[in-house]
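Residue strings, one per chain:
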Amino acid sequence: MTAARTPTSRPFPVSGATTSSGRPPAAGSGRDGAGAPRPGLRERKKIKTRAAIRRATYRLIEEQGYEATTVEQIAEAAEVSPSTVFRYFPTKEDIVLTDECDRLLDGELRARPADEPLVDSLRAVVRSSWAVRSHDEPEIVRLRTRLMVQVPAVRSRMMEGMSATGRMLCRILADRTGRDADDLEVRVFATGLVGALLETALYWAEHDYRDDLPDLVDRALAAFERGPAH
């Protein structure tokens, strides 16, 4: 078993990420959604293996619940060994939460105008992301957020993983402002944005997905900018 590491995860996968089928959501001419070269054969095989493990996990959780689903069952359903599951995902929570998105999110945000406020850039990227995910795999997005609400271990692991996204936003904010990525104000602002998105995902799940998620993101980011209205 590999040593546990902090997952790269967020409740809002970006539009260039691979879907649970292991395919990118939009076809390209040798380039992914962030404009980067497509991965080679070896990396594509790894992506397919991760996708197979995720599909098996989602199906088993839907059938029998999160706690009843074991790594051994996941391995059998995905037709891999338990050691292969652990090689790709150090914990069961990581199977639910880890995605391929950090590099793509970084690319999509950096593709936005450099003088655009980071909040506006994030709003635009989340909206384009949701347009893809709500069409390709809406049930998986709902499952992930539902587990974040219902399973303390999943929520805890998600919060660990969101710190990686916060550090990435720090670097982007530093590049845009000329500040150091480790400055307190930069860290507070970036981490606050990540927290706003996390709370939005939890609110959406807790209220049975009644609202349009991009509209909730708009509300959350507006509140982050100006504070709650009286």
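Notes on the structure follow.

With respect to the pattern of salt bridges
No. 1: Across all of its chains, the model carries 16 salt bridges by this definition.
No. 2: A salt bridge links Asp106 to Arg110, with the nearest nitrogen and oxygen atoms 2.9 Å apart. Of this pair, Asp106 and Arg110 both sit in helix H5 (residues 102–110), separated by four residues, roughly a single helical turn.
No. 3: With its nearest N and O atoms 3.1 Å apart, the salt bridge here joins Arg187 to Asp182.
No. 4: Judged by its relative accessible area of 42%, Arg187 is partly exposed.

Concerning helix H7 (residues 138–150)
No. 1: Compared with the 18 Å implied by 1.5 Å per residue over 13 residues, the 18 Å span of H7 between its first and last C-alpha is a close match.
No. 2: Residues of H7 that are buried include every one of Ile140, Val141, Leu143, Arg144, Thr145, Leu147 and Met148, and no others.

A look at the packing of aromatic side chains
No. 1: Inspection of the entire model under this criterion finds two aromatic pairs.
No. 2: A centroid spacing of 4.7 Å and a plane angle of 80° characterise the contact between Trp204 and Tyr209, whose relative ring orientation is edge-to-face. Neither Trp204 nor Tyr209 differs from the other in exposure class; each is buried.
No. 3: Above the plane of the ring of Tyr66 lies Lys92, whose end atom (NZ or CZ) is 4.2 Å from the centre.
No. 4: Above the plane of the ring of Tyr209 lies Arg142, whose end atom (NZ or CZ) is 5.5 Å from the centre.

Details of the nonpolar core
No. 1: Ranked by size, the top nonpolar core spans 35 residues in total, and within it Tyr66, Leu109, Leu147, Met148, Val154, Leu169 and Leu193 carry the most contacts.
No. 2: When residues of this core are traced back to their parent elements, those giving at least two are helix H1 (41–64), helix H4 (92–97), H5, helix H6 (118–136), H7, helix H8 (152–177), helix H9 (184–206) and helix H10 (213–226).
No. 3: Sequence-distant contacts of Leu109, that is, excluding residues within four places in its chain, are made with Ser121, Leu122, Val125, Met168, Leu169, Ile172 and Arg176.

What to know about H10
No. 1: Helix length check: H10 (14 residues) gives 20 Å between terminal C-alpha atoms against 20 Å at 1.5 Å per residue, within 8%.
No. 2: Leu213, Pro214, Leu216, Val217, Ala220, Leu221 and Ala222 are the residues of H10 that are buried.

Let's talk about unusual backbone geometry
No. 1: You will see that Asp208, though not glycine, has its phi angle at about 60°, which is positive.
No. 2: Unlike most non-glycine residues, Tyr209 shows phi in positive territory, near 60°.

Things to note about the environment of Phe86
No. 1: Note that Phe86 resides in helix H3 (residues 82–88).
No. 2: A C-alpha to C-alpha distance of 8.4 Å links Phe86 and Val71, two positions 15 residues apart in sequence.

Rules of the game
- Residues numbered from 1 in each chain as written.
- Predicted model: local features only at pLDDT ≥ 70, side-chain atom pairs only at ≥ 80, totals over all residues.
- Heavy atoms only, no water.
- Salt bridge = Lys/Arg side-chain N within 4 Å of Asp/Glu carboxyl O.
- Helix = DSSP H or I, 4+ residues; strand = E, 2+ residues; numbered from the N terminus.
- Buried < 20%, exposed > 50% of the residue type's maximum accessible area, 1.4 Å probe, protein only.
- Expected span 1.5 Å × (residues − 1).
- Phe/Tyr/Trp six-rings, centres within 6.5 Å; stacked < 30°, edge-to-face > 60°.
- Lys NZ or Arg CZ within 6 Å of the ring centre and 35° of its normal.
- Core = buried A, V, L, I, M, F, W, Y, C linked by side-chain atoms within 4.5 Å.
- Contact = heavy atoms within 4.5 Å.

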